[in-house]
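Next come the chains, spelled out residue by residue.
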Amino acid sequence: MPSQRRRDTLRGDVSARIADDLRQAILSGEYAEGDRLPSTSELMEQEQVSSLSVRHAYQALIGEGLVVAVPKKGFYVRESLCMTWHMTKWQDPKRLENVETDGWTADVESAGYSHRQTISVSILPGSHMVAGTPIAERLGIPESERVVVRSRVRYIGPGPDQPANEPESLADSYYAYNCVKDTRIMEPNSVNTAQVLADRGCPMRNHMDELTPRIASRQETDRLQLAGVMAVLEVVRTTLTTSGKPVLVLHQIRPGNGSKYVYQVGYSDA
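Not measured: the values here are computed from a predicted model.

## Section: the overall build of the chain
Alright, step 1. A tally of regular secondary structure across the chain gives eight helices and twelve strands.
Alright, step 2. Across the chain, the fraction of contacts at a sequence separation of at least 24, relative to all contacts at a separation of at least 6, is 61%.
Alright, step 3. For the chain, the computed accessible surface area is about 14600 Å², with 50% contributed by carbon and sulfur atoms.

Here is the structure:
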């Protein structure tokens, strides 16, 4: 008779195989978002395994954020409110008029979702790290100078008239304090950043983006209400003025199962 440790090992192997089969079926589109997955009894009969092995498999998928358990109904593929985020203006030059620098509100509304965001404003030293680099270095200012950060948690909802309660991203915007003091950027309200910077003699011209996929930290998991261990996309956007000076650094954390990112890349005439 196999030992308890041996039985646990065998059960773990079976659970991992079942979880992998279901994972592949979800990722390949065999099961779409919102679809009901096979019940515990169905998988027990199909795979000739114990209910404990099936439950362990589903627990793993729930922990990954792929599956949700609905009491008295079963297991379902997790539904997410995905949207397309246009990282550049594309063909519409008015797209960013009167909206945030990254066009988030415009893209959410284009997707047919509702939106809201909480905003807080604070002052930090230039030595504060953003994605492994001092923010002063990213803004091209001495570390002895201070920076202003507008920290936002962004939420979306399933429709224009529906409450926006699902965290969509974390977005922190950093500015040199001397550039934005005594402006509306210092207030915890929505503001047309482009207009404010233009009024201060710093018109925005280009963006430089850094995208890094990684596993969410515990704090990010809590703030974005992620299920278990999940990948996120870390986006650092540095905005340059017409003279090439960094004027804004936008640091975003987005769930890995969320938005699609679209870029327009141009070439100079030969």
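More follows now that the structure is in view.
## Focus: the nonpolar core
Alright, step 1. Counting 23 residues, the largest nonpolar core has Ile135, Leu139, Tyr174, Cys179, Val180, Ile185 and Leu197 as its most contacted members.
Alright, step 2. Isoleucine 135 has contacts with Pro125, Gly126, His128, Val130, Val147, Tyr174 and Val249, leaving out every residue within four places of it along the chain.
Alright, step 3. Counting residues in each nonpolar core, the second largest holds 14 residues, with Ile26, Leu37, Val49 and Val77 among its members.

## Structural notes on the pairing of strand E8 (residues 166-176)
Alright, step 1. Within E8, ten of the eleven residues are buried, leaving the element largely enclosed by the surrounding structure.
Alright, step 2. For E8 and strand E11 (residues 246-255), the ladder comprises five bridges, and the chain directions are antiparallel. From the neighbouring strand, aspartate 172 faces E11, where its bridge partner is histidine 251.

## Observations concerning the confidence of the model for the chain
Alright, step 1. Per-residue pLDDT for the chain averages 85, and the proportion of residues at 70 or more is 86%.
Alright, step 2. Taken element by element, the predicted model of the chain shows its lowest mean pLDDT in strand E3 (residues 84-86) (69) and its highest in helix H5 (residues 135-139) (98).

## Focus: helix H3 (residues 51-63)
Alright, step 1. Spanning 13 residues, H3 covers 18 Å between terminal C-alpha atoms, matching the ideal 18 Å at 1.5 Å per step.
Alright, step 2. Residues of H3 that are buried include every one of Ser53, Val54, Ala57, Tyr58 and Leu61, and no others. Down the axis of H3, the buried side of the element spans an arc of 130 degrees, and every buried residue falls inside it.
Alright, step 3. Two residues or fewer past H3, glycine 65 is found with a positive phi of approximately 85 degrees.

## What to know about the pairing of E11
Alright, step 1. Of all ten residues that make up E11, nine are buried, and the element is covered over most of its length.
Alright, step 2. For strand E10 (residues 231-241) and E11, the ladder comprises nine bridges, and the chain directions are antiparallel. Paired with valine 236 across the bridge in E11 is histidine 251.
Alright, step 3. In this structure, the hairpin formed by E10 and E11 is closed by a connection of four residues, where glycine 244 is found at a positive phi of approximately 90 degrees.

## Regarding the environment of tyrosine 177
Alright, step 1. Here tyrosine 177 shows up in helix H6 (residues 177-180).
Alright, step 2. Between the C-alpha atom of tyrosine 177 and that of arginine 146, which follows or precedes it by 31 residues, the distance is 5.6 Å.
Alright, step 3. For tyrosine 177, the residues in contact, after removing those within four places along its chain, are Ile123, Arg146, Val147, Val148 and Met186.

Rules used in this analysis
Residues numbered from 1 in each chain as written. Predicted model: local features only at pLDDT ≥ 70, side-chain atom pairs only at ≥ 80, totals over all residues. Heavy atoms only, no water. Helix = DSSP H or I, 4+ residues; strand = E, 2+ residues; numbered from the N terminus. Contact = heavy atoms within 4.5 Å. Areas by Shrake-Rupley, 256 points an atom, 1.4 Å probe, with all protein chains shown as cover. Core = buried A, V, L, I, M, F, W, Y, C linked by side-chain atoms within 4.5 Å. Buried < 20%, exposed > 50% of the residue type's maximum accessible area, 1.4 Å probe, protein only. Pairing = 2+ DSSP bridges. pLDDT = per-residue confidence, 0-100. Expected span 1.5 Å × (residues − 1). Arc of directions from axis to C-beta.

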